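Chain by chain, the residues run as shown.
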Amino acid sequence: MLCGDIVILKNALPKDMLHQARDAIHVLGAERTAGQEASESGRRRRPCDELPAGEVAVGEERDGWAFLPQCIHYPRGGGFFQEHVHDLKPQRIGLVLSGSVYGEDYQIGGGRFHAQDGSWVVTESRHDIGDVTLFRYDLGHDITPVDPEQPLDWSDDSGRWSMVLPLKPLPR
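Since the model is a prediction, treat every value here as computed from it, not as a measurement.

J.: Please set out the nonpolar core residue by residue, giving values where relevant.
T.: With 15 residues, the main nonpolar core has I6, Y74, F135, I143 and V146 as its most contacted residues. When residues of this core are traced back to their parent elements, those giving at least two are β7 (70–75) and β13 (141–146). One finds C71, L97, V132 and M163 within the second-largest nonpolar core, a separate group that totals nine residues.

Pasting the structure below:
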């Protein structure tokens, strides 16, 4: 436990499984986003497998909400996501599955959370491939720039990979 609101479950999933999933998702993401780069204000990332609008949500719909899994690639060369917060309800607990090996896939950059006392809790070197970070969903969190001195190359699968499971409202 890093603090009362952030916990890392070590080795929750096998590394080989995540390497295979990441390779397949990278190919799928490259096909679906050919010629497009996600470089919006406050983020440089490629959402590789967000479900397109209109597709069936994963899991059971409940009161207009469903879990929509995402796999996000923060590439070497500065991939990041600026600090943001979520409403505590209805999800309450966020989870981030690491699909990267710190020190191999990237050297610097990664997740951090604002603890309730205002300090930053940095998970960068503690959250390795196969680990799941659970956190109170309304804590501010971000992804600091990943290997910002390296050239940005969207076709390269190195960098930081995160798999998340947000609870999203379905279109009515």
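J.: How would you summarise the packing of aromatic side chains if you had to cite specific residues and measurements?
T.: One pass over the structure, following the stated rule, counts three aromatic pairs. Measuring from ring centre to ring centre gives 5.5 Å for Y102 and Y106, while their planes differ by 75 degrees; the resulting arrangement is edge-to-face. Arranged with centres 6.0 Å apart and planes meeting at 35 degrees, the rings of F135 and Y137 form a pair that is tilted. Across this residue pair, the class does not change: F135 and Y137 are buried. A cation over a ring is seen here: R112 above W120, with NZ or CZ 3.8 Å from the ring centre.

J.: If you had to explain unusual backbone geometry to someone new, which residues and values would you point to?
T.: Residue P90 follows K89 across a cis peptide bond; omega there is 10 degrees. Along the chain, P90 falls in the loop between β8 (79–84) and β9 (93–98). Not every positive phi belongs to a glycine, and N11 is a case in point at roughly 55 degrees. Assignment of secondary structure puts N11 in the loop between β1 (6–9) and α1 (15–32). The class of N11 is exposed, set by a relative accessible area of 53%.

J.: Which residues make up the pattern of salt bridges, and what are the values?
T.: Following the criterion strictly, the structure yields six salt bridges and no others. The salt bridge partner of K10 is D131, with a shortest N-O separation of 2.5 Å. Here the residue K10 occupies a position in the loop between β1 and α1, and D131 occupies one in the loop between β11 (120–122) and β12 (132–136), the gap between them amounting to 121 residues. Between D147 and R76 there is a salt bridge whose closest N-O contact spans 2.8 Å. Here the residue D147 occupies a position in the loop between β13 and β14 (159–164), and R76 occupies one in the loop between β7 and β8, the gap between them amounting to 71 residues.

Parameters and conventions
Residues numbered from 1 in each chain as written. Predicted model: local features only at pLDDT ≥ 70, side-chain atom pairs only at ≥ 80, totals over all residues. Heavy atoms only, no water. Core = buried A, V, L, I, M, F, W, Y, C linked by side-chain atoms within 4.5 Å. Buried < 20%, exposed > 50% of the residue type's maximum accessible area, 1.4 Å probe, protein only. Helix = DSSP H or I, 4+ residues; strand = E, 2+ residues; numbered from the N terminus. Phe/Tyr/Trp six-rings, centres within 6.5 Å; stacked < 30°, edge-to-face > 60°. Lys NZ or Arg CZ within 6 Å of the ring centre and 35° of its normal. Salt bridge = Lys/Arg side-chain N within 4 Å of Asp/Glu carboxyl O.

Honestly, it's all geometry; don't read function into it.
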